[in-house]
Amino acid sequence: MTGLLALDLDGTILLAGEKLVPGIREEIRAWQAGGWRVAIITGGSGGIGFATAKLLALEGVKLVLSDRKQPDVDDAAGIIGGDTLAVAADVTSQADVDALVARTIETFGTVDIVVHTSGITGGKGDPLEVSDEEYREAWDIDFMSAVRIGRAAIPQMRQGGWGRFVCITSENAVQPYWEEATYNSAKAALAAFIKGLSYREAANGVLCNTVAPAFIETPMTDGMMKKRAEEMNISFDEAIRSFLDEERPGIGERDEAERLRRPQHDLLRQPRQVKR
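Residues numbered from 1 in each chain as written. Predicted model: local features only at pLDDT ≥ 70, side-chain atom pairs only at ≥ 80, totals over all residues. Heavy atoms only, no water.

Think of a pair of aromatic rings as described by two things: how far the centres are apart, and how the planes are tilted against each other in angle. Taken as a whole, this structure holds two aromatic pairs when the rule is applied. Relative to Phe143, the ring of Trp139 lies with its centre 4.3 Å away and its plane at 35 degrees, an arrangement referred to as tilted. Note that Trp139 and Phe143 are positioned in helix α5 (residues 132-160) at a spacing of four residues, about one turn of the helix. Judged by relative accessible area, Trp139 falls into the partly exposed class, the value being 37%. Relative to Phe193, the ring of Phe143 lies with its centre 5.7 Å away and its plane at 80 degrees, an arrangement referred to as edge-to-face. (Phe/Tyr/Trp six-rings, centres within 6.5 Å; stacked < 30°, edge-to-face > 60°. Helix = DSSP H or I, 4+ residues; strand = E, 2+ residues; numbered from the N terminus. Buried < 20%, exposed > 50% of the residue type's maximum accessible area, 1.4 Å probe, protein only.)

Let's shift gears to the pairing of strand β3 (residues 38-42). Across the five residues of β3, five count as buried, placing the element largely inside the fold. Residues Val38, Ile40 and Thr42 line one face of β3 and the alternating positions Ala39 and Ile41 line the opposite face, and both faces are buried. Judged from the five bridges that link them, β3 and strand β4 (residues 62-67) form a sheet pairing that is parallel. Within the sheet, the bridge partner assigned to Thr42 lies in β4 and is Ser66. In this region the chain leaves β3, passes through helix α2 (residues 47-58) and returns to the parallel neighbour β4; the handedness of that crossover is right-handed. Of the pairings in the sheet, the one linking β3 to strand β6 (residues 113-116) comprises four bridges and is parallel in character. By the bridge assignment for β6, Ile40 is matched with Val114. (Pairing = 2+ DSSP bridges. Right-handed = clockwise from strand over helix to strand, strands pointing away.)

Here the focus is the pairing of β6. Covered by surrounding structure in β6 are Ile113 and Val115 together with Val114 and His116, the residues of both alternating faces. Bridging between β6 and strand β7 (residues 163-168) involves four bridges; their strand directions are parallel. Note on β7: the bridge partner recorded for Val115 is Val166.

Another aspect to go through is the packing of α5 against helix α6 (residues 181-201). Two elements in contact, α5 and α6, have axes separated by 8 Å at closest approach and are oriented at 20 degrees. On the basis of the axis angle, α5 is roughly parallel to α6. Note that α5 runs across α6; the crossing there is right-handed. Residue-level inspection shows Glu134, Tyr135, Ala138, Trp139, Asp142, Phe143, Ala146, Val147, Ile154 and Arg158 of α5 in contact with α6, the latter providing Ala181, Thr182, Tyr183, Ser185, Ala186, Lys187, Ala189, Leu190, Phe193, Leu197 and Glu201. Taken together, the residues of the contact of α5 with α6 sort by class into 14 nonpolar, two polar and five charged. (Axes fitted to C-alpha atoms, helices over the stretch in contact; angles between N-to-C directions. Parallel < 35°, antiparallel > 145°, perpendicular 65-115°, else oblique. Left-handed = near helix turned anticlockwise from the far one by under 90°. Contact = heavy atoms within 4.5 Å. Nonpolar A, V, L, I, M, F, W, Y, C, P; charged D, E, K, R; others polar.)

Our next topic: the environment of Thr121. Within the secondary structure, Thr121 sits in the loop between β6 and α5. Judged by its relative accessible area of 21%, Thr121 falls in the partly exposed class.

Compared with an ideal rise of 1.5 Å per residue, which puts 29 residues at 42 Å, α5 spans 41 Å between its outermost C-alpha atoms and is within 8% of the ideal. Roughly 45 degrees is the biggest bend found in α5, and it falls at Met144. Gly161 sits one or two positions beyond α5 and adopts a positive phi of about 70 degrees. (Expected span 1.5 Å × (residues − 1). Bend = angle between axes of the 7 residues up to and from the residue.)

Looking now at the sheet that holds strand β8 (residues 206-211). Ordered by their spatial adjacency, six strands build an open sheet running β5-β4-β3-β6-β7-β8, and the pairing between neighbours is parallel. At either margin of the open sheet sits one strand with a lone partner, and together these are β5 (85-88) and β8. Sheet twist, expressed as the average angle between the axes of neighbouring strands with direction ignored, equals 15 degrees. Sheet contacts for helix α4 (residues 94-108): β3, β4 and β5; angle to β4, the most-contacted strand, approximately 155 degrees.

This part is about the packing of α2 against helix α3 (residues 70-80). Following both chains from N to C, one finds α2 and α3 inclined at 30 degrees, their axes separated by 10 Å at the closest point. Here α2 is positioned roughly parallel relative to α3, judged by the angle of their axes. By crossing handedness, the relation of α2 to α3 is classed as right-handed. Here α2 contributes Phe50, Ala53, Lys54 and Ala57 to the contact with α3, which in turn contributes Ala76, Ile79 and Ile80. Split by residue class, the contact of α2 with α3 holds six nonpolar, no polar and one charged.

In this section: the pattern of salt bridges. In total, this model carries five salt bridges according to the counting rule given. Notably, a salt bridge pairs Arg148 with Asp140, separated by 2.4 Å at the nearest N-O pair. A residue is classified by how much of its surface remains accessible, and Arg148, at 9% relative accessible area, is buried. (Salt bridge = Lys/Arg side-chain N within 4 Å of Asp/Glu carboxyl O.)

These values are about where atoms sit, not about what they do.
Next comes the structure, spelled out in structure tokens:
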């Protein structure tokens, strides 16, 4: 881990192995007691995926970052350093996803963890006027992509008797917004799918969970706010403020992706389930 740029649990940038806060070194040792873990992170070039990758790097996890464009994941892997693997993959293609998992196994010997963050907002507007194509696009990327990565990776986890499969859903899964029906529906389905999957996979030592953020600072929400600013002829910051006031009253502010590192970290480090 020497020389890897990482973050401590308070968000301070440090060099791994140097000036670690009390208790972190012991956590790393406990985590690695059973050998190195290997994680695939989809949407790993930015936002929630990249923030998660930085924390797992601190824990000594072998990382495979994936996103649509090779230059983007190359840049992200370069920032994290070490032997982080960068693999471009289209999550709407089972062949691409299978190749991603195969490359991971070829390089590191296994897959222990998947953090699936890929997603889009999809078409927006009157739920009855949004086109079939827009519904299908959101379904394909926001829901079926998780099914595809699960198909490819979970059998390997079962073989090892240990695995963690974490998918990013959204507050929209339980608190839908009128004009975001394509996104609402796909994320609600994803939450139900992972919950159903978890019932049986726990017996195999594979824990399946979701994390449901609200309004987080990511490339996806940046795009939403840029479009809103253009449509309303206001600044980017004014677009964020008006969106919070009109669409997300009570939230107060757009949170940073780094804030989601801890809940995912805790899910990934849950005790292994014992087969009965």
